[in-house]
Amino acid sequence: AQSVAQPEDQVNVAEGNPLTVKCTYSVSGNPYLFWYVQYPNRGLQFLLKYITGDNLVKGSYGFEAEFNKSQTSFHLKKPSALVSDSALYFCAVRDVGFKTIFGAGTRLFVKA
Amino acid sequence: ETGVTQTPRHLVMGMTNKKSLKCEQHLGHNAMYWYKQSAKKPLELMFVYSLEERVENNSVPSRFSPECPNSSHLFLHLHTLQPEDSALYLCASSQSASPTDTQYFGPGTRLTVL
């Protein structure tokens with residue numbers, strides 16, 4: 001069965017510092033991996049996805065993620081955090097079925 | 001979230017009421033989804049429709065009844081709900097039900113069951 005783990009409930013970083021939000025996954029076949037962000041009282045917004053190819057995926061708002069097959073990880077990164085990046089971040093995985101499995105979410109706080 | 005709209009944005013209902021949530025997508029997509037987001041729990045997939053046909057029913061209680069009259073509209077009919085059904089209900093759509101297609105979410109309906 002597929003699963004996703006986001007080991008950190010919360011990540012705190014200072015503005016201008018690099019940020020990493022961690023995600024590990026488990027699927028039986030090829031993984032299709034997604035990152036979404038949710039701001040208060042809003043739906044989820046798509047950031048980026050890995051389907052195949054280059055392990056480093058670039059997405060919206062300066063975010064990127066690195067797919068690591070051996071470590072079954074798909075960590076979200078940004079070189080320089082902004083206060084406006086403070087939000088709830090979700091990693092999701094899907095295999096060949098219709099079901100997308102979301103992680104529990106990681107709350108990111110960026111301090112000015 | 002522009003492109004997928006949900007109404008109402010907030011709904012308070014008693015356990016004996018019947019209400020419906022509406023979702024509309026303006027993206028020309030062929031797949032639509034209902035999710036439940038509860039506090040301190042991961043997002044839970046409820047239903048998946050592809051080309052107006054239900055292709056996934058994730059063990060959802062029968063008090064939740066989906067309807068997809070066309071590829072642009074999705075409804076969730078609610079009746080005899082329980083307080084634990086209080087949550088944010090999110091609708092999403094994607095080009096197709098392919099696992100590689102990105103899902104685009106609406107802003108959600110905040111449901112409170114008294």
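Residues numbered from 1 in each chain as written. Chains lettered and ligands numbered in written order. Predicted model: local features only at pLDDT ≥ 70, side-chain atom pairs only at ≥ 80, totals over all residues. Heavy atoms only, no water.

Side note on the overall build of chain A
We apply this condition: Numbering of helices and strands runs from the N terminus; a helix is a DSSP stretch of H or I covering at least four residues, while a strand is a stretch of E covering at least two. Atoms considered for the radius of gyration are the C-alpha atoms alone. The globule rule reads 2.2 Å times the number of residues to the power 0.38. Only protein chains enter the accessibility calculation, which uses a 1.4 Å probe; a residue whose area is less than 20% of its type maximum is buried, one above 50% is exposed, and one in between is partly exposed. Contacts are residue-level and defined by heavy atoms, with any inter-residue pair within 4.5 Å sufficient. Per-residue and other accessible areas follow the Shrake-Rupley method at a 1.4 Å probe size, with only the shown protein chains counted as cover for residues. In this tally Asp and Glu are treated as negative and Lys and Arg as positive; neither His nor the chain ends contributes. Where a charge lies is defined by one atom per residue type, namely NZ (Lys), CZ (Arg), CG (Asp) and CD (Glu).
In terms of regular secondary structure, chain A is built from 0 helices and 12 strands. Scaling as 2.2 N^0.38, a compact globule of 112 residues should have a C-alpha radius of gyration of about 13 Å, and chain A matches this with 13 Å. Principal-axis analysis of the C-alpha atoms places the extent of chain A at approximately 40 × 30 × 20 Å. Each of the 112 residues in chain A was classed as buried or not, and the buried ones make up 46%. A separation of at least 24 residues holds for 55% of the contacts in chain A among residues at least 6 apart in sequence. For chain A, the exposed area adds up to about 5,400 Å²; of that, 50% sits on carbon and sulfur atoms. If the 11 positive side-chain charges of chain A are averaged to one point and the 8 negative ones to another, these points end up 5 Å apart.

Some thoughts on the state of the cysteines
One covalent bond between the sulfur atoms of two cysteine residues makes up a disulfide. All names here are of chain A. For the record, the criterion: Here, two cysteine sulfur atoms that lie within 2.5 Å of each other are counted as a disulfide.
Applying the stated criterion across every chain, the model contains 2 disulfides over all chains. Across the disulfide from C23 sits C91; the S-S distance is 2.0 Å. Measuring the twist about the S-S bond at about -60 degrees, one finds the C23-C91 disulfide to be left-handed. Note that C23 is positioned in the loop between strand 3 (19-21) and strand 4 (24-26) and C91 in strand 10 (residues 87-94), a separation of 68 residues in sequence.

Considerations on the nonpolar core
For clarity, the cut-off: Only buried residues count toward a nonpolar core. Its members are Ala, Val, Leu, Ile, Met, Phe, Trp, Tyr and Cys residues joined through side-chain atoms within 4.5 Å.
W35(A), L47(A), L48(A), F74(A), L76(A) and Y89(A) are the most contacted members of the largest nonpolar core, which has 27 residues in total. Looking at which element gives the most residues to this core, the answer is strand 10 of chain A, with 4 residues. With 22 residues, the next largest nonpolar core counts W34(B), F47(B), L74(B) and Y89(B) among its residues.

Points about the layout of surface pockets
Empty space among the atoms can be located by rolling a probe the size of a water molecule over them. Spelled out, the test is: Grid spacing is 1 Å over the protein atoms alone, the probe is 1.4 Å, and a cavity is where that probe fits but cannot get out, while a pocket is an open set with protein on both sides within 12 Å along at least five of seven lines and lining residues have an atom within 4 Å of a point. Grid points are joined across faces, edges and corners, and a volume is the space filled by probe spheres set on the points. Amino acids outside the nonpolar list (Ala, Val, Leu, Ile, Met, Phe, Trp, Tyr, Cys, Pro) and the charged list (Asp, Glu, Lys, Arg) are all regarded as polar, and Gly is one of them.
There is about 520 Å³ of room inside the largest pocket. Looking at the largest pocket, it is lined by 20 residues, and the ones nearest its centre are L88(A), F90(A), R107(A), Q37(B) and K40(B). For the lining of the largest pocket, the element with the most residues is strand 10 of chain A, which contributes 3 residues. Tallied by class, the residues present in the lining of the largest pocket amount to 9 nonpolar, 5 polar and 6 charged.

Observations regarding the interface of chain B and chain A
Our working definition: Buried area: the sum, over both parts, of the accessible surface (1.4 Å probe) that disappears when the two are put together. Here, a salt bridge means any side-chain nitrogen of Lys or Arg that lies within 4 Å of a carboxyl oxygen of Asp or Glu. Here a polar contact is taken to be a pair of N or O atoms separated by no more than 3.5 Å, where protein atoms must pair a possible hydrogen donor with a possible acceptor and residues adjacent in sequence count only if both atoms sit in side chains.
With 24 residues of chain B at the interface, the matching set in chain A holds 22 residues. Roughly 1,900 Å² of surface becomes buried between chain B and chain A when both sides are summed, with 54% attributable to carbon and sulfur atoms. Taken together, the connections running from chain B to chain A amount to 1 salt bridge. A salt bridge links E56(B) to K99(A); its shortest N-O distance comes to 4.0 Å. Linking chain B with chain A are 8 residue pairs in polar contact (both at pLDDT 80 or more). A per-element tally of the side of chain B that touches chain A places strand 4 (residues 31-37) of chain B first, with 3 residues.

Things to note about the pairing of strand 8 (residues 73-79) of chain B
All names here are of chain B. As a reminder, the rule being used: A strand pair is defined by DSSP finding two or more bridges across the two strands.
One ladder, built from 7 bridges, connects strand 3 (residues 18-25) with strand 8; its direction is antiparallel. Residue pairing in the sheet places C23 in a bridge with L74 of strand 8. Of the pairings in the sheet, the one linking strand 7 (residues 64-70) to strand 8 comprises 5 bridges and is antiparallel in character. In the strand pairing of strand 8, P66 is matched with L76. Linking strand 7 to strand 8, which pair antiparallel, is a turn of 2 residues.

With respect to empty space enclosed by the protein
All told, the structure shown has 1 cavity of 30 Å³ or more when counted by the stated rule. Approximately 30 Å³ is the volume found for the largest cavity. Around the largest cavity sit F34(A), Y36(A), T100(A), F102(A), D101(B) and Q103(B), which together line it. Residue assignment for the lining of the largest cavity shows that the elements contributing at least two residues are strand 5 (32-38) and strand 11 (100-102) of chain A. Residues belonging to the lining of the largest cavity are distributed by class as follows: 3 nonpolar, 2 polar and 1 charged.

Observations concerning the sheet that holds strand 1 (residues 4-7) of chain B
Residue and element names in this part refer to chain B. Quick note on the threshold: Axes, fitted as lines to C-alpha atoms, cover a helix only where it is in contact. Angles between the N-to-C directions of the axes lie from 0 to 180 degrees.
Spatially, 1-3-8-7 is the arrangement adopted by the 4 strands of the open sheet, whose pairing is antiparallel. What marks the edges here is a single partner per strand, and that holds for strand 1 and strand 7. With strand direction ignored, the average angle separating the axes of adjacent strands in the sheet is 20 degrees.

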